[in-house]
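A closer look at the structure
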Amino acid sequence: QDQAGLRLKALGVIEGYPDGSLGLDRNITRAEMAVVLAEMSGMSNAARVLDGVPSAFSDVASNAWYTGYINLAQQQSWVSGYPDGTFRPNAQVSYAEAVTMMLNTLGYQGDRLPGTWPSNYLVKAAQLNITSGLTFGRNDAAIRGDVFLIASRTLDKDMVRWNSDENDFLPTGKILLDELDLTLVEDARIT
């Protein structure tokens, strides 16, 4: 968890708290999760464009710090709200929700995974080794350290697109990390 958190911080996906800690043992909220999704998908600028835009969710004020991120996550189909039209930005994310959101960033969207939610997403995450070594209850509140580990592993997975002809998700040839538009430096000398 520490390494995953440090990796995400180095990549600019997370910032941590003012005291320098990453709060690995704290729960993560749905609003914070939307930020992680946007940052790890390289779409933080798009989220900022959506600041102040009225949300599809009745409980997301257009002037809140997280509005643009939630708007983006909803428009990208990474997240969904509740049947009552709310998003509950300050509610804790369950492990099932966190895993679903992460897989949605890879392209596993549209109720096409076999089985019923959330088992279908949890099974796919296990197949991709995104959740290996973690023990959790699907409805338990997710802790940041586990979410950061899941996010770090998700960055290295193939992005997919649904192919109707094959009736399956097919790799796009890119991993999610490619979306961050980073420059790889293979040799550097610091003096």
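What you are looking at is a predicted structure, and each value in this text was computed from that prediction instead of being measured. (Residues numbered from 1 in each chain as written. Predicted model: local features only at pLDDT ≥ 70, side-chain atom pairs only at ≥ 80, totals over all residues. Heavy atoms only, no water.)

Once that is clear, we can look at the environment of A64. Along the chain, A64 turns up in the loop between α3 (44-49) and α4 (67-75). Put simply, A64 and Y95 are 31 residues apart on the chain and 25 Å apart in space, counted from C-alpha to C-alpha. (Helix = DSSP H or I, 4+ residues; strand = E, 2+ residues; numbered from the N terminus.)

Let us look at helix α6 (residues 119-127). Burial in α6 covers these residues: N120, Y121, L122 and A125. Buried-residue contacts for α6 involve α5 (95-106). Looking one or two places after α6, you find N129, whose phi comes out positive at around 60°. (Buried < 20%, exposed > 50% of the residue type's maximum accessible area, 1.4 Å probe, protein only. Contact = heavy atoms within 4.5 Å.)

The N-to-C vectors of α5 and α6 enclose an angle of 65°; their axes lie 9 Å apart at closest approach. The interaxial crossing formed by α5 with α6 has left-handed handedness. Residues A96, V99, T100, L103 and N104 of α5 lie in contact with α6, whose contacting residues are Y121, L122, K124 and A125. Here the residues of the contact of α5 with α6 are counted per class, giving six nonpolar, two polar and one charged. (Axes fitted to C-alpha atoms, helices over the stretch in contact; angles between N-to-C directions. Left-handed = near helix turned anticlockwise from the far one by under 90°. Nonpolar A, V, L, I, M, F, W, Y, C, P; charged D, E, K, R; others polar.)

Between W117 and P118 the backbone carries a cis peptide bond, its omega angle lying at 5°. As for its position among the elements, P118 is in the loop between α5 and α6. Of note, R88 is a non-glycine position whose phi angle comes to about 60°, a positive value. Here R88 shows up in the loop between α4 and α5. Phi angles above zero are rare outside glycine, and N129 is one such case at about 60°. In this structure, N129 sits in the loop between α6 and α7 (144-155).

Right, let's get into α7. A rise of 1.5 Å per residue sets the reference length of α7, with its 12 residues, at 16 Å; its end C-alpha atoms lie 16 Å apart and thus fit the reference within 8%. Within α7, 11 of the 12 residues are buried, which leaves it mostly tucked inside the rest of the structure. For α7, the full list of buried residues reads R144, G145, D146, V147, F148, L149, I150, A151, S152, T154 and L155. Where α7 is buried, its residues contact α1 (2-10), α2 (30-40), α5 and β2 (168-175). (Expected span 1.5 Å × (residues − 1).)

Spatial relationships are all this shows, so hold off on functional conclusions.
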